[in-house]
Amino acid sequence: MNRTITKELLSAALMLGLGIAGLIHIQYGAWRPAPLVPSYIMPQTAYHFLIGGGLWVLTTLGLFTLRQRVSALERPGAKDQDLVAIGLSSALMLGGAVVYFLLVLNVGLVVSTVAFNAVLIAVLAPNVSFKGLLIVPPLVGLAVWLLFVQMISVTLPPALLF
Amino acid sequence: MIFKLSKTAVAVTAAALTFTAGASVAAADSLGSDPIRIVMPYGAGGSTDITARIIAANAAEHCGTRIDVVSMPGAGGMEGLQFVADATPNGHTVLMADYSATITQTLTEDTPWAVEDWVPIVHLTDWKPTVYVKADHDIQSIEDWVELAEAEPNSLVFGHADPLSLVHLPLVLLEQETGIQNVHLPTTGGGETRTMILGGHIDLGMTLPPSIVSNVNNGEVTAIGVFADERSDVLPDVPTFQEAGYDVSFEAPLLVYTFSSVPESIQQELSECIMTGLDTATAQRMSDQASAGLDNVQGMESAQAIYRDTTQRVKDVLEAINQD
Amino acid sequence: MLDLVIEASALAFHPYVLMYVFLGVLLGITLGAIPGLSGDMAIALLLPFVFFLEPAMAMGLLVGIYKGGLFGGSIAAISFGVPGTPGAAATSIDGYQAKLKGTPSKALHTALYSSVIGDTTSDLVLIFIAVPLAAVALTFGPIEFFALYAFSLILIAALSQGMVAKGVAVAAIGVLLAMIGRDPITGASRLTFGMPELSGGLSLIPVLIGIFAISEVVIQGAKLWRRKVDKLMDDVAEQASLLQGYDISKDRLTWAEFKSTLKATYIGAAVGTFIGALPGAGQSLAAFMSYGLAQRFSRRSEEFGKGSLEGIASAESGNSATAGSTFIPLFAFGIPGSATAALFGAAFILMGMTPGPSLLTDNTAIIYALFFTLIFANLVNLVLGKILLPYYSRIAMIQPGFMIPAVFILAIVGTYAANNSVVDVWVLLFAGALGVTLRLMGFPLAPLVLGFIIGPGAERALRQSMIMGGGDWTVLITSPIAIGFYVAAFALILLFTLALRAKQ
């Protein structure tokens, strides 16, 4: 089984799963009664479209597999992504962002920004020089301070540090 | 929010400006010199915003420090209330809102605070919910409306903003009082209601007077009744529902609150400096220009009395709705 | 009449007013270029100052910021794939691809010219046919609006060429995300997963920036790390063209290229002007609709999504062409059709002028001065944009290892600052994760954002229509305008299907 098929199957599973879970929620969830049209009219329509889309993807996949033309499903020019790299950068950037923003709220905007920026550069940037690592984060910190604290005095809880 | 951004503008043409934010040097008092933040749980540009900015511009020198206006519409306004509730209780973070944020939402939603946790310190003005129709509509008075609605229940479409908002609850009260029935049509707010009225898509709508004054004066819409004890200053020809013989009045006070954890002496101080600031000629001129109605600002006692009254009234209406 | 023109020009072309326009455009372009910050926000910030300025100066400042912001949003969209403002989301589709191909300057100039052309068209329409158009906008009740939304959703599905099933599915996901929060009719919380923070719904800015920008930045980050780990420069060519080989003299927009984008620009100008005059429809809808239409009418529609200059031109002129017409309902009836119009309405009120029909009759001179300022600000936008662009397109070429972390941080803080909302930041990161997942599975992302934008309006219009019609579905086809939209939608589907057949 190649990657295209896996990808298509996963997409179809996502669409069908979401659609069916949603319909079950509509059936058994607590929806406040609304006048004339039920409160779930739009979500319900959306779920139907999701299920329809999922079935459509499955049908196309089946037809193309039968005709041995799976490659036709690939989008031209689409490269396979490196899943390990994306997993890592998602974890680092998105997970790191959670920590970063908690630090912003509790420690201070500028300090956290400099630190998070340094971490990101250190982990992500290829061939980064030590000098770059020392200079760029304080610059970004300064830019953030100028823009958000000086120019638009962003509203943040009182910070521990700067 | 008075910003350094604007200070850049000031620097360029300082001569054009008569006032800079935070120009006054802080006098040493118990409030301290940190800026005061007025949080309003609505988007920028509405009538609350305008009023808050009038306070910021005029009360700063009397409160001894800069005043910033912060708009926090997130989570239906709940984030704004949360921010004020979580702030250090030193009186530097205050809330400005009508009752839908502090009373209705607190009673209908699962919130971490109770209605009593909000202590009103200034009573700025009362908004008077007003019912209006298109000028060429068959209904041109409260009597016409009730008559028509009694003859054919549920034939008239009534546009109001969000359900349970301050321009919806009075309608519910009136229907309880008179027994008439209308089709309730929620809209995104006063603007959409007015579009639908002007376009002839709906029959009646409810809004606050300043937003329809010009349409009324132009003869495009007719305001038929006001849910208040007295007529509105800006619409002096429009009768109240009480005058028409229906004992329904539901004014919406616009209040400034602190959270209950703020010491009483600071509450008192804030209340006084805001009131002094609004009592100046500049403040009154601004208020007139913007139809903000700040000509009868009341202090803590009046604010707390009207807050208790309103709470009771909202509770009654909500109970009645839940019984249906 | 002549007296009036003289009086108005004396107001509008006063040196101070001109200076404020310059200052406004400069601020607007710069703020708009920062993801999360928009002209709207800057206008809100400056509102208190209109108390203290002469009305003409205040108008000049605000108009300058507004117009600069509309164009500035496309700078971030093209340079980093991060729409600086919601309206620039459609611009980022092709703009960012063009930048990756090493032609950011062409893309930015296309955006600038089409932005100014679209904007000027819209201003002229505002000035000359404001009142009749407003009358049309007023005939749009819930039934007509629902038809317009349905029509737009059909266009979206048609937009995701070759992936209609996935396009429909992500549009549905977008609609579902928009349903989170309070039911507009009953006020009940729904789909909040028991979290009270979600009861206010997801805001537009974090969803938009998360889906388009954060996911892109994360994937770029992955590429960087990969390169770092194997030290294998498998993208040597790309790297070289991006860093060393970038030659700005080869990246000039030629006259022929400019001419080839004009059709798309005109489509954008027309669509944007029309959509802008409809209350509540908004810049993003205008941009996406003109993008879709321009693609369908383009002779090189296959280039759309791969850095097409026409794609940039249509999106950007559609976005900017809402600038003038969004004031039509405000001037004619005092109804703010958009957030920007609401802010300008507030500014009018602060200056003692009530928006509505009396605005024109009571303040004729100042309103005519405003009309002059609107046109003049476009020229300033053109000149300043032209001066600033070389610098901006160089900034776009800064080494990605430094740029990506900085953009990521700016997007986070900018999103927070836009609404002072912590929840928005979490929504931003969640939307980023969703965007990465969907990209990996090969879903197109634009329909999701459109579904998200249109969903609430469509739902409200549908349910309002049904309430007004007493629960009878046939109420939806009682209006000629609505029927017109359905017929047009049907005709377009038919046209597209036939066109596709013919191609194969």
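Along every chain, residues carry numbers that run from 1 in the direction the sequence is written. Each chain gets a letter, beginning with A, and each ligand a number, beginning with 1, in the order they are written. Only residues with pLDDT of at least 70 are given local features in this predicted model, and only at 80 or more are side-chain atom pairs given and counted; all residues enter the totals for whole chains, interfaces and linings.

Draft legend 1. Fine view of the overall build of chain A. The helix and strand labels rest on DSSP assignments: H or I over at least four residues marks a helix, E over at least two residues marks a strand, and numbering proceeds from the N terminus. Broken down by element type, chain A carries five helices and zero strands. From first element to last, N terminus to C terminus, chain A shows the α and β order α-α-α-α-α. Exposure criterion: with C-beta atoms placed from backbone coordinates, a residue whose C-beta has 20 or more other C-beta atoms within 10 Å is buried, one with 12 or fewer is exposed, and one in between is partly exposed. Relative to its full complement of 162 residues, chain A shows a buried share of 31%. Residues are treated as contacting if the C-beta atoms built from their backbones sit within 7 Å of each other. By sequence separation, contacts in chain A at least 24 residues apart represent 67% of the contacts at least 6 residues apart.

Draft legend 2. Local environment of the overall build of chain B. Of the regular secondary structure elements, chain B holds eleven helices and ten strands. Counting contacts in chain B only where the partners sit at least 6 residues apart, residues at least 24 apart contribute 75% of the total.

Draft legend 3. Spotlight on the UniProt feature "transmembrane region" (unreviewed entry) in chain A. UniProt positions are given in the numbering used here, feature names are shortened, and annotations may be inferred rather than shown by experiment. This chain's UniProt record puts "transmembrane region" (unreviewed entry) on residues 9-26, 46-64, 84-103, 109-126 and 133-156 of chain A. Between the end C-alpha atoms of residues 46-64 of chain A the distance is 27 Å, and the span holds 100% helix and 0% strand.

Draft legend 4. Up close: the sheet that holds strand β4 (residues 118-127) of chain B. All names here are of chain B. DSSP-based pairing: two strands are paired if at least 2 bridges between them are found. Strand order across the open sheet formed by five strands is β2-β1-β3-β10-β4, with mixed pairing between neighbours. Looking at the sheet topology across the chains shown, the edges are occupied by β2 (67-71) and β4. When the angles between neighbouring strand axes are averaged without regard to direction, this sheet yields 25°. Of the strand pairs in this sheet, strand β3 (residues 93-97) and strand β10 (residues 252-259) are connected by three bridges, and their pairing is antiparallel. The residue bridging leucine 95 from the neighbouring strand is tyrosine 257, located in β10. A fitted line through C-alpha atoms represents every axis, and for helices the fit uses only the stretch in contact; the resulting angles, taken between N-to-C directions, go from 0 to 180 degrees. Here helix α11 (residues 300-323) sits on the sheet in contact with β4 and β10, set at roughly 85° to β4.

Draft legend 5. Spatial organisation of the environment of Leu495(C). Residue and element names in this part refer to chain C. Following the sequence through the fold, leucine 495 ends up in helix α23 (residues 480-503). Taking the C-beta count within 10 Å as the criterion, leucine 495 has 12 such neighbours and is therefore assigned exposed. A C-alpha to C-alpha distance of 9.7 Å links leucine 495 and arginine 296, two positions 199 residues apart in sequence.

Draft legend 6. Main features of the domain arrangement of chain B. All names here are of chain B. Boundaries of every domain are those given by an automatic assignment or by a domain database. On domain assignment, one finds that chain B holds domain 1 (4-127 + 252-323) and domain 2 (130-226). Each partner contributes residues to the interface: domain 1 has 13 residues there, and domain 2 has ten residues. For the side of domain 1 that touches domain 2, the elements supplying multiple residues, two or more each, are α4 (99-108) and α11. The residue inventory of the side of domain 1 that touches domain 2, partitioned by class, reads seven nonpolar, five polar and one charged. By the convention adopted, Pro, Cys, Tyr, Trp, Phe, Met, Ile, Leu, Val and Ala count as nonpolar, Lys, Arg, Asp and Glu as charged, and the other residues, Gly among them, as polar.

Draft legend 7. Seen up close, the nonpolar core. With 308 residues, the main nonpolar core has Ile38(B), Leu62(C), Ala172(C), Ile412(C) and Val449(C) as its most contacted residues. Element by element, the count of residues in this core is highest for helix α4 (residues 55-80) of chain C, at 16 residues. What we call a nonpolar core is a set of buried Ala, Val, Leu, Ile, Met, Phe, Trp, Tyr and Cys residues whose membership is set by joining through C-beta atoms within 7 Å.

Draft legend 8. Fine view of the interface of chain A and chain C. Of the residues lining the interface, 56 residues belong to chain A; the matching set on chain C comes to 53 residues. Elements with a minimum of two residues in the side of chain A that touches chain C: α1 (3-28), α2 (41-66), α3 (83-106), α4 (109-124) and α5 (130-151) of chain A. Among the elements that take part in the side of chain A that touches chain C, α3(A) stands out by supplying eleven residues, more than any other.

Draft legend 9. The arrangement of the environment of Val317(B) in detail. With respect to the element layout, Val317(B) can be found in helix α11. On a C-alpha basis, the gap between Val317(B) and Val172(B) in space is 7.4 Å, while along the polypeptide they are 145 residues apart.

Draft legend 10. Looking closely at helix α3 (residues 78-86) of chain B. Judged by how many residues are buried, α3(B) sits mostly within the fold: seven of nine residues are covered. Residues of α3(B) that are buried: Met78(B), Glu79(B), Gly80(B), Leu81(B), Gln82(B), Phe83(B) and Val84(B). Packing partners of the buried residues in α3(B) comprise β1 (36-40), β3, α4 and β10 of chain B together with α21 (422-440) of chain C.

Draft legend 11. Molecular detail of the packing of helix α8 (residues 164-179) of chain C against helix α22 (residues 446-468) of chain C. All names here are of chain C. In contact at an axis separation of 7 Å, α8 and α22 are set at 40° when each is read in the N-to-C sense. Considered as vectors, α8 and α22 are oriented oblique to each other. You can see that α8 and α22 cross each other, and the crossing is right-handed. Where α8 approaches α22, its residues Gly167, Val170, Ala171, Ala172, Ile173, Gly174, Val175, Leu177, Ala178 and Met179 are matched on the opposing element by Pro447, Leu448, Val449, Leu450, Gly451, Phe452, Gly455 and Pro456. Any angle between 65 and 115 degrees counts as roughly perpendicular, while under 35 counts as roughly parallel, over 145 as roughly antiparallel, and the rest as oblique. In this scheme the handedness of a crossing depends on how the near helix is turned from the far one: anticlockwise by less than a right angle means left-handed, clockwise means right-handed.

Draft legend 12. Looking closely at the packing of helix α5 (residues 89-100) of chain C against helix α14 (residues 309-320) of chain C. Residue and element names in this part refer to chain C. In contact at an axis separation of 8 Å, α5 and α14 are set at 145° when each is read in the N-to-C sense. Here α5 runs over α14; the crossing is left-handed. Between α5 and α14, the residues in contact are Ala90, Thr91, Ile93, Asp94, Gly95 and Ala98 and Gly311, Ile312, Ala315, Glu316 and Asn319, respectively. Each residue belonging to the contact of α5 with α14 can be placed in one class, and the counts come to five nonpolar, four polar and two charged.

Draft legend 13. Summary view of the sheet that holds strand β7 (residues 183-186) of chain B. Residue and element names in this part refer to chain B. Pairing within the open sheet is mixed, and its five strands lie in the order β7-β6-β8-β5-β9. In this open sheet, the two edge strands, each paired with only one partner strand, are β7 and β9 (221-226). Sheet twist, expressed as the mean angle between neighbouring strand axes with direction ignored, is 30°. For strand β6 (residues 157-160) and β7, the ladder comprises four bridges, and the chain directions are parallel. When the bridges of β7 are listed, phenylalanine 158 appears paired with histidine 184. The sheet contacts of helix α7 (residues 190-198) involve β5 (130-134), β6, β8 (204-207) and β9, and relative to β8 the element is tilted by about 150°.

Draft legend 14. Structural detail: the confidence of the model for chain B. Residues and elements named next belong to chain B. pLDDT gives the predictor's per-residue confidence on a scale running from 0 to 100. On average, residues of chain B carry a pLDDT of 83, and 89% of them reach 70 or more. Ranking the elements of chain B by mean pLDDT puts helix α1 (residues 4-12) last with 34 and β5 first with 95. Contacts of residues 1-29 to residues separated by more than four positions or lying in other chains number 46 contacts, the stretch itself having pLDDT below 50. Overall fold confidence (pTM) sits at 0.79, and the ipTM for the predicted complex is 0.93.

Draft legend 15. Structural view of unusual backbone geometry. Residues and elements named next belong to chain C. A positive phi is found at leucine 191, a non-glycine position, where the angle reads about 50°. With respect to the element layout, leucine 191 can be found in the loop between β2 (189-190) and α9 (204-230). Among the residues examined, leucine 191 registers 18 C-beta atoms within 10 Å and is labelled partly exposed. For phenylalanine 193, which is not glycine, the phi dihedral falls at a positive 55°.

Draft legend 16. Summary view of α4(B). Residue and element names in this part refer to chain B. Where burial is concerned, most of α4 is hidden: eight out of the ten residues are buried. Of the residues making up α4, those classed as buried are Tyr99, Ser100, Ala101, Thr102, Ile103, Thr104, Gln105 and Thr106. Summarising the contacts, the buried residues of α4 are in contact with α3, β3, β4, β10 and α11.

Draft legend 17. How the structure looks around the environment of Asp362(C). Tracing the backbone through its elements, the reader meets Asp362(C) in helix α18 (residues 357-362). Placed 100 residues apart in sequence, Asp362(C) and Leu262(C) show a C-alpha to C-alpha distance of 39 Å.

Draft legend 18. View of the pairing of β6(B). Residue and element names in this part refer to chain B. Call a crossover right-handed when, viewed with both strands pointing away from you, the route from the first strand across the helix to the second goes clockwise. Between the parallel elements β6 and β7, the chain passes through helix α6 (residues 169-178) in a crossover that is right-handed. Judged from the two bridges that link them, β6 and β8 form a sheet pairing that is parallel. What sits directly across from phenylalanine 158, in β8, is leucine 204.

Draft legend 19. Structural view of the pairing of β10(B). Residue and element names in this part refer to chain B. Extensive coverage of β10 is indicated by the burial of eight of its eight residues. Where β4 meets β10, eight bridges bridge the pair, whose relative direction is antiparallel. By the bridge assignment for β10, valine 119 is matched with threonine 258.

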